[in-house]
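Commentary on secondary and tertiary structure
What follows is the residue order along each chain.
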Amino acid sequence: MKFASTRDKNHIVSFQDALFQGLSPDGGLYYPIETPDLKSSFSLFDQNSSFQDIASSLIVSLLGDEIPESDSQILAKRAFPFSPELKKLNDKINILELYHGPSSAFKDFGASFLATSMEYFLNDRDQKAVILTATSGDTGSAVAKAFYDKKNIDVVILYPSGRVSPLQEKQMTTLGKNIHALEVDGSFDDCQRMVKDSFTDKELSGINLSSANSINLGRLIPQSFYYVWAVSRLKNASEVPVFCVPSGNFGNLTAGLYAKSWGLETGKFIAATNRNDVVPSYLASAIYTPRASVQTYSNAMDVGAPSNFERMQTLYNNDVSLMKKDIIGCMVSDEDTLATMKYMDEEYGYAVCPHTAVGIKAAMDRTSKESNITVLSTAHPGKFMEVYEKAVGKKPQLPASLLAVKDLDKVSRLISNSSKELKKTLLSLFS
Ligand SMILES: N[C@@H](CCOP(=O)(O)O)C(=O)O
C-alpha cells in the first residue's frame, strides 16, 4: 500500500517513509491511496480469532510489501501483549473496552505498534529518531510507556499545563531516560500547532523528527484492528454494529472509517464529542469552523482543530453529504457526562471514565433508531480520579499501571506556547 499527502495527492510515499516523517513536508497528513477489498479476510475471523492473529493478518494485507508475513507475526506479538474486551451492557449497547494495555487507554494499541514498527525499521537504517508528540492527556502517557528506553529513539511530549489529569501527568513525567516532558503554558491546540510548525521548520531539519500522534499513520492504522476484532465478536447479531466513538482529534473514528472502506461490515459511526464539537457542527451546517478549545471534564477530547478532519475530508471528497451517510455527530455536555458516570455506577455497577461516558450518553440517545451500538471505552476511569469522585461520590479502583506512578515526583520543563521556544528547546536537547 502507498500513501499520499492530503494536500498533494501526487506526493506519494511508502509506509516506512510515512512512519518516519510523521507529517508530510507540505503540512498534509498521509492517507492510504488504495482501498483494498479485505471482505474475504474479514469473513475468516470469528470468536476464536485472537487480537494478535487479526493484527498480524491485517499487517500483511495492508503493509505486506514492507513487512513480510513471518515478521508480521513477530511484530503483532511484540506490539500487542494485551487485547480489547467486549462487554454487553444491555440489549442494545455493547462496550468495547480498549484500556487494558500498559497506560490504561486505547492509545496503547497505536503507540505500541508505532514503537515496535519504528524499532523494526530502525534496525535496517543507521539513524536516530526524535518523536515529537502533543497530548491532551492519553496519547502522551501511552507514547511514554511504549517508547521508554527504546534504542536510538528520544520522545518529547508537549502537554497543556493544568489541563491533563494529575495521574495522566504522572504517567508522562516520571519515566525519565529518553522521555522528555514539556509542560506548555497554553492549550492542547497550542501544543499541536507547535508540533506541526516544527515539522516544517527548516532549521530543525538536522533532527530526524517524527510524530506519535494520530497524524502518524503508524499510530492510526493499528487503531483499525480493534474494529475488525469487535466485528468478529459481533457476527451473530441480527443487525450490523454501529460504533459510537468518543472523539477529540478524530483519529479513532478515522481508523474505523478506513476499516469500513476496506469492507468491514458496520453501520454508521456516531462521533460523540464534548463541547468541543466542531465536527458535529460541520455535519449540521456544512461549514467547518475550527476554534479555540474549551476545557471540559473529558479533557483528552478538548480539541478545537481536530487533525484528522483533513483525512476525513479526503476520504469523502470534501462532500459533507457523503460524510453524513456514514457519520452522525453528537455533542454531550459536561453535566450529562457526570450524570452518565453516576447512572452507570448506580444502574450497572460499572465504572466509566468521562470520555466513555460521553460515548455512552450519545449511544443511549440513539437507541430508538439503532439497536446494536458498540461504544468504544477509551480509558480506565482511574485515570480521572478527581472527575470520577465528583460524579459518582466515591474513588475508582486503580489498576497497577496507575498505582505504580501515583506517588512519584514529576519532572517536566515549563515552556511558553511559542513554536520559537520549542525550537530552542529541541536544538538544545538534540544538536
Ligand atoms: N486525545 C488526545 C489528543 C491527541 O490525539 P492523537 O490521537 O492525535 O494523538 C490525547 O489524549 O492526547
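A short tour of the structure in this document, coming up. (Residues numbered from 1 in each chain as written. Predicted model: local features only at pLDDT ≥ 70, side-chain atom pairs only at ≥ 80, totals over all residues.)

1. Some words on the overall build of the protein chain
Broken down by element type, the protein chain carries 19 helices and 14 strands. Across its three principal directions, the C-alpha atoms of the protein chain cover 60 × 50 × 45 Å. Going through the 431 residues of the protein chain one by one, you find that 53% of them count as buried. Put simply, 75% of the contacts in the protein chain that link residues at least 6 apart link residues at least 24 apart. (Helix = DSSP H or I, 4+ residues; strand = E, 2+ residues; numbered from the N terminus. Buried ≥ 20, exposed ≤ 12 C-beta atoms within 10 Å, placed from the backbone. Contact = placed C-beta atoms within 7 Å.)

2. Some remarks on the sheet that holds strand β9 (residues 209–211)
Ordered in space as β9-β6-β7-β8-β14, the 5 strands form an open sheet in which the pairing is parallel. Of all strands in the sheet, those with a lone pairing partner are β9 and β14 (413–416), marking the two edges. Strand-to-strand twist of the sheet, defined as the mean angle between neighbouring strand axes without regard to direction, takes the value 30 degrees. Bridge count between strand β6 (residues 129–134) and β9: 3 bridges; the pairing is parallel. Its bridge partner being in β9, Val 130 is matched across the sheet by Leu 209. Contacting β6, β7 (153–160) and β8 (179–185), helix α6 (residues 138–147) crosses the sheet at an angle of about 165 degrees to β7. (Pairing = 2+ DSSP bridges. Axes fitted to C-alpha atoms, helices over the stretch in contact; angles between N-to-C directions.)

3. Some details on the packing of helix α15 (residues 334–348) against helix α16 (residues 354–364)
Where α15 meets α16, the axes come as close as 8 Å, and the angle between the chain directions of the two elements is 90 degrees. Taken together, the axes of α15 and α16 are roughly perpendicular relative to one another. Contact residues: α15 offers Asp 336, Thr 337, Thr 340, Met 341 and Met 344, while α16 offers Pro 354, Ala 357, Val 358, Ile 360 and Lys 361. Taken together, the residues that form the contact of α15 with α16 break down as 6 nonpolar, 2 polar and 2 charged. (Parallel < 35°, antiparallel > 145°, perpendicular 65-115°, else oblique. Nonpolar A, V, L, I, M, F, W, Y, C, P; charged D, E, K, R; others polar.)

4. Looking at the sheet that holds strand β11 (residues 269–273)
Read from one edge to the other, the open sheet built from 6 strands follows the order β4-β5-β13-β10-β11-β12, with strand pairing classed as mixed. Strands at the two margins of the open sheet, each flanked by one partner only, are β4 (85–88) and β12 (327–331). Averaged over all pairs of adjacent strands, the angle between their axes in this sheet comes to 25 degrees, without regard to strand direction. Where strand β10 (residues 242–246) lies against strand β13 (residues 373–377), 3 bridges are found, and the strand directions are parallel. Opposite Cys 244, over in β13, you have Val 375 as the bridge partner.

5. A few points about the site of the ligand
Taken together, 15 residues sit near the ligand, with Thr 135, Asp 138, Thr 139, Ser 214 and Asn 249 positioned nearest. Ranked by the residues each element gives to the shell around the ligand, the list is headed by α6, at 3 residues. Grouping the constituent residues of the shell around the ligand by class yields 3 nonpolar, 11 polar and 1 charged. (Near = placed C-beta within 6 Å.)

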